[in-house]
Amino acid sequence: MATEKPTPVDKEIELDNTKYIESETDIHGNITDCNDYFAEISGYTKDELIGSPHNIVRHPDMPKIIFKELWERIKNGHNITAVIKNMAKDGRYYWVFTHFEIIRDINTKEIKGYRAYRKMVSPHIKRVLDPLYKRLVEIEKSDGVEGSKKALEEFLKEGGEHVTIDNLMEEIHRFY
Ligand SMILES: Cc1cc2nc3c(=O)[nH]c(=O)nc-3n(C[C@H](O)[C@H](O)[C@H](O)COP(=O)(O)O)c2cc1C
């Protein structure tokens, strides 16, 4: 397990578009398993990753509202997609198009954890989301998560009435 949080460095880590970054967590978001590519990109060893909370790679540019919405959906058993900016151990960042899946107990069907597969994000999506997320982080400082949620909904309205946080997370790939 690793404890110290790095200082962000404004340099991007490019991902290999043929590879997935994979991880599994318990119901609280503590990492229970991951693949070698996650360790390679994040700069943490598998030993450091496994047993750590998944916010080990949380980037300060990520607004709280995205994680709040994400958890509401997965806790209710919905597979979803989100675009996340993560921070590696050396402070550099990498964007990931993340698909979340629910792991259920074979017998009881209860949720026993979650799995995430991550792919590289296209430059266009990064150009749209980077300023949006940074703006939401600023709004959270003054108006809290509720203010940020309103701003996110306003932004999505510009994409058309049918674009909601719900379908953004369920079908994000169709909008970009
Ligand atoms: C399967 C799974 C994968 C996750 N992957 C990431 C991730 O790649 N980056 C990230 O910042 N948070 C990820 N999270 C969300 C974290 O658990 C956490 O909610 C988030 O980092 C916000 O942390 P905070 O509440 O301490 O601010 C993941 C959660 C789950 C269940």
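Residues numbered from 1 in each chain as written. Predicted model: local features only at pLDDT ≥ 70, side-chain atom pairs only at ≥ 80, totals over all residues.

Q: Please set out the site of the ligand residue by residue, giving values where relevant.
A: Taken together, 15 residues are adjacent to the ligand, and Gly29, His54, Asn55, Arg58 and Tyr114 come closest. Elements with a minimum of two residues in the shell around the ligand: β1 (21-25), β3 (80-87) and β5 (111-119). When residues in the shell around the ligand are grouped by element, the largest group, 3 residues, is from β5. For the shell around the ligand, the per-class residue count stands at 7 nonpolar, 6 polar and 2 charged. (Near = placed C-beta within 6 Å. Helix = DSSP H or I, 4+ residues; strand = E, 2+ residues; numbered from the N terminus. Nonpolar A, V, L, I, M, F, W, Y, C, P; charged D, E, K, R; others polar.)

Q: Which residues make up unusual backbone geometry, and what are the values?
A: Negative phi characterises most residues that are not glycine, and trans characterises most peptide bonds. Here the phi dihedral of Lys109 falls at roughly 70°; this positive angle occurs in a residue that is not glycine. Tracing the backbone shows Lys109 in the loop between β4 (93-104) and β5.

Q: Hey, could you go over the sheet that holds strand β2 (residues 31-34) for me, with residue numbers and the actual values?
A: Spatially, 5 strands are ordered β2-β1-β5-β4-β3 in an open sheet, and the strand pairing comes out antiparallel. Among the strands making up the open sheet, the edge pair consists of β2 and β3. With strand direction ignored, the average angle separating the axes of adjacent strands in the sheet is 30°. By the bridge criterion, 3 bridges tie β1 to β2 in an arrangement that is antiparallel. Paired with Ser23 across the bridge in β2 is Cys34. (Pairing = 2+ DSSP bridges. Axes fitted to C-alpha atoms, helices over the stretch in contact; angles between N-to-C directions.)

Q: Any details on the pairing of β4? Residues and values, ideally.
A: Note that β3 and β4 share 8 bridges and pair antiparallel. Bridging across to β4, Met87 finds its partner in Tyr93. Here β4 runs beside β5; their pairing, made up of 8 bridges, is antiparallel. Bridge pairing links Glu101 to Arg115 in β5.

Q: Could you give an account of the packing of helix α3 (residues 64-75) against helix α4 (residues 123-157), naming the residues involved and the relevant values?
A: Where α3 meets α4, the closest approach of the two axes is 9 Å, and the angle between their N-to-C directions is 40°. Judged by the inter-axis angle, α3 sits oblique to α4. Judged by residue contacts, Lys64, Ile65 and Lys68 of α3 engage Leu136, Glu140, Val145, Ser148, Lys149 and Leu152 from α4. Grouping the constituent residues of the contact of α3 with α4 by class yields 4 nonpolar, 1 polar and 4 charged. (Parallel < 35°, antiparallel > 145°, perpendicular 65-115°, else oblique. Contact = placed C-beta atoms within 7 Å.)

Q: Residue-level account of the pairing of β1, with values.
A: The side chains of a regular strand alternate, residue by residue, between the two faces of the sheet. Residues Ile21, Ser23 and Thr25 of β1 are buried on one face, while the alternating residues Glu22 and Glu24, pointing to the opposite face, are not. Inspection of the sheet shows β1 paired to β5 by 5 bridges, in the antiparallel sense. Note that in β5 the partner of Glu22 across the bridge is Tyr117. Counted along the chain from β1 to the antiparallel partner β2, the turn is 5 residues long, and its residue Gly29 has a positive phi close to 90°. (Buried ≥ 20, exposed ≤ 12 C-beta atoms within 10 Å, placed from the backbone.)

Q: Account for the environment of Ile139, naming residues and giving values.
A: Here Ile139 is to be found in helix α4. Expressed as a C-alpha distance, the spacing of Ile139 and Phe38, which sit 101 residues apart in the sequence, is 31 Å.

Q: Before we move on, could you go through α3 and cite the residues and values that matter?
A: Spanning 12 residues, α3 covers 16 Å between terminal C-alpha atoms, matching the ideal 16 Å at 1.5 Å per step. Among the residues of α3, those classed as buried are Ile65, Ile66, Glu69 and Ile74. Along the axis of α3, the buried residues cluster in a sector spanning 155°; they form a single face. (Expected span 1.5 Å × (residues − 1). Arc of directions from axis to C-beta.)

By themselves these figures say nothing about function.
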